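# Coordinates in review
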Amino acid sequence: MRLLALIPALDAADTVGGIVEGARKHIPDVLVVDDGSSDDTAKKAEEAGAAVVRHPKNTGKGTALRTGFEYALAHGYDAVVTLDSDGQHDPDEIPKLVEKLKDGAGIVIGARLRDKDSIPPARYYTNKLGVACYSWRSKNRLEDSQSGFRVYRAEVLRGMKYTSSRFEAESEFLVRAGRRGFRIDSVPVRTIYNEEVLLRSHYRPVADTYRICILFLKTFFWFRP
């Protein structure tokens, strides 16, 4: 199985090199999509051994992921491992997700919600609500609907429709994949929500949670209950 590690990044010069190096211990091929950074993110990623695609301006995480997926399909990869550039995901847990993929799932999610005490309450409870809503709409029992630490089979990505450009895109992928009949599995991963990670995160609790809620409502126009 040919694997590509995909890291969407924005102003992550301080952390992206370490994430690339950690991922390359398990997957030789790493792609960083620099989504309009104003710092040395692209340079640091290349120095660490990643291929880099640069967006001239910031377009959102969803668009960065789409760029990476298109790259993976064009280069014949069988699956894509996605992880964030801010240190929220431990690259040493990549083998756990890949191993679970062998059970036949279309997507495997690295689920963080079992360690409730390590997650800010606002994020924990909004994510739990999202899990319930998106489990219903995706026709799969999800354990974490917002984790960006995932593995996608190429079959899931081929023909995938996209309407979202920012953080809500990851929820859209789950609904569209589940509605196409793909199984979505989860494996527990470390919960890394320290102060440094939260400061580096580009997730905007109010605006992006609103987008995720609106996306949920939109799915009723796309698919019947």
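Residues numbered from 1 in each chain as written. Predicted model: local features only at pLDDT ≥ 70, side-chain atom pairs only at ≥ 80, totals over all residues. Heavy atoms only, no water.

This part covers the packing of aromatic side chains. Here the structure, examined in full by the defined rule, presents nine aromatic pairs. The interplanar angle of 55° and the centroid separation of 6.2 Å between the aromatic rings of Trp136 and Phe216 together place this pair among those described as tilted. Placement of the pair is Trp136 in helix α5 (residues 121–138) and Phe216 in helix α9 (residues 205–222), with a sequence separation of 80 residues. Assessed through its relative accessible area of 13%, Phe216 is described here as buried. Between Trp222 and Phe223, the ring centres sit 6.4 Å apart and the planes meet at 90°, which makes this aromatic pair edge-to-face. Between Arg2 and the ring centre of Tyr77, over which it is positioned, the NZ or CZ distance is 4.2 Å. Directly above the aromatic system of Trp136 lies the positively charged group of Arg137, at a separation of 5.6 Å from the ring centroid. (Phe/Tyr/Trp six-rings, centres within 6.5 Å; stacked < 30°, edge-to-face > 60°. Helix = DSSP H or I, 4+ residues; strand = E, 2+ residues; numbered from the N terminus. Buried < 20%, exposed > 50% of the residue type's maximum accessible area, 1.4 Å probe, protein only. Lys NZ or Arg CZ within 6 Å of the ring centre and 35° of its normal.)

Enumeration over the complete set of coordinates arrives at zero disulfides. Among the cysteines around Cys133, which has no disulfide bond, Cys213 carries the closest sulfur, lying 7.6 Å off. Exposure remark for Cys213: the relative accessible area of 43% places this residue in the partly exposed category. (Disulfide = S-S within 2.5 Å.)

A surface patch of nonpolar side chains, about 480 Å² in accessible area, is lined by Trp136, Leu217, Phe220 and Phe221. Element by element, the count of residues in the nonpolar patch is highest for α9, at three residues. By secondary structure assignment, the location of Leu217 is in helix α9. Leu217 sits in the partly exposed class, given a relative accessible area of 47%. (Patch = residues over 30% accessible without salt bridge, like charges linked within 9 Å, V, L, I, M, F, W, Y side chains within 5 Å. Areas by Shrake-Rupley, 256 points an atom, 1.4 Å probe, with all protein chains shown as cover. Salt bridge = Lys/Arg side-chain N within 4 Å of Asp/Glu carboxyl O.)

Our next topic: the nonpolar core. Residues Leu6, Phe69, Ile107, Tyr134, Leu142 and Phe173 are the most contacted members of the largest nonpolar core, which totals 30 residues. If you list the elements that add at least two residues to this core, you get β1 (3–9), β2 (30–35), α3 (61–74), β5 (107–111), α5, α6 (154–157), α7 (169–179) and α9. Take this core: its biggest share by element is five residues, from α7. Each residue touching Leu6, except ones within four places of it in the same chain, is listed here: Leu31, Val33, Leu65, Gly68, Phe69, Val80, Val81, Thr82 and Leu83. (Core = buried A, V, L, I, M, F, W, Y, C linked by side-chain atoms within 4.5 Å. Contact = heavy atoms within 4.5 Å.)

Moving on, we get to the pairing of β2. Counting buried positions along β2 gives six out of six residues, so the element sits mostly inside the fold. The alternating pattern of β2 places Val30, Val32 and Asp34 on one face and Leu31, Val33 and Asp35 on the opposite face, and all of these are buried. With five bridges connecting them, β1 and β2 associate as parallel partners. Bridge pairing in β2 links Ala9 to Asp34. You can see the chain leave β1, run along helix α1 (residues 16–24) and come back into β2, and the turn it takes is right-handed. Chirality of the crossover, the property in question, places the unit of β2, helix α2 (residues 41–47) and strand β3 (residues 51–55) among those that are right-handed. (Pairing = 2+ DSSP bridges. Right-handed = clockwise from strand over helix to strand, strands pointing away.)

Glancing now at the side chain of Ser85. In this fold, Ser85 is placed in the loop between β4 (79–82) and α4 (94–101). In this structure Ser85 comes out as buried when scored by relative accessible area, which is 8%. Within the local environment of Ser85, its side chain forms a polar contact with the backbone oxygen of Pro8, the two atoms lying 3.5 Å apart. Not counting chain neighbours up to four residues away, the residues in contact with Ser85 comprise Ile7, Pro8, Ala9, Leu10, Ala12, Thr15, Val16 and Ile19. (Polar contact = N/O pair within 3.5 Å; in protein donor to acceptor, adjacent residues only side chain to side chain.)

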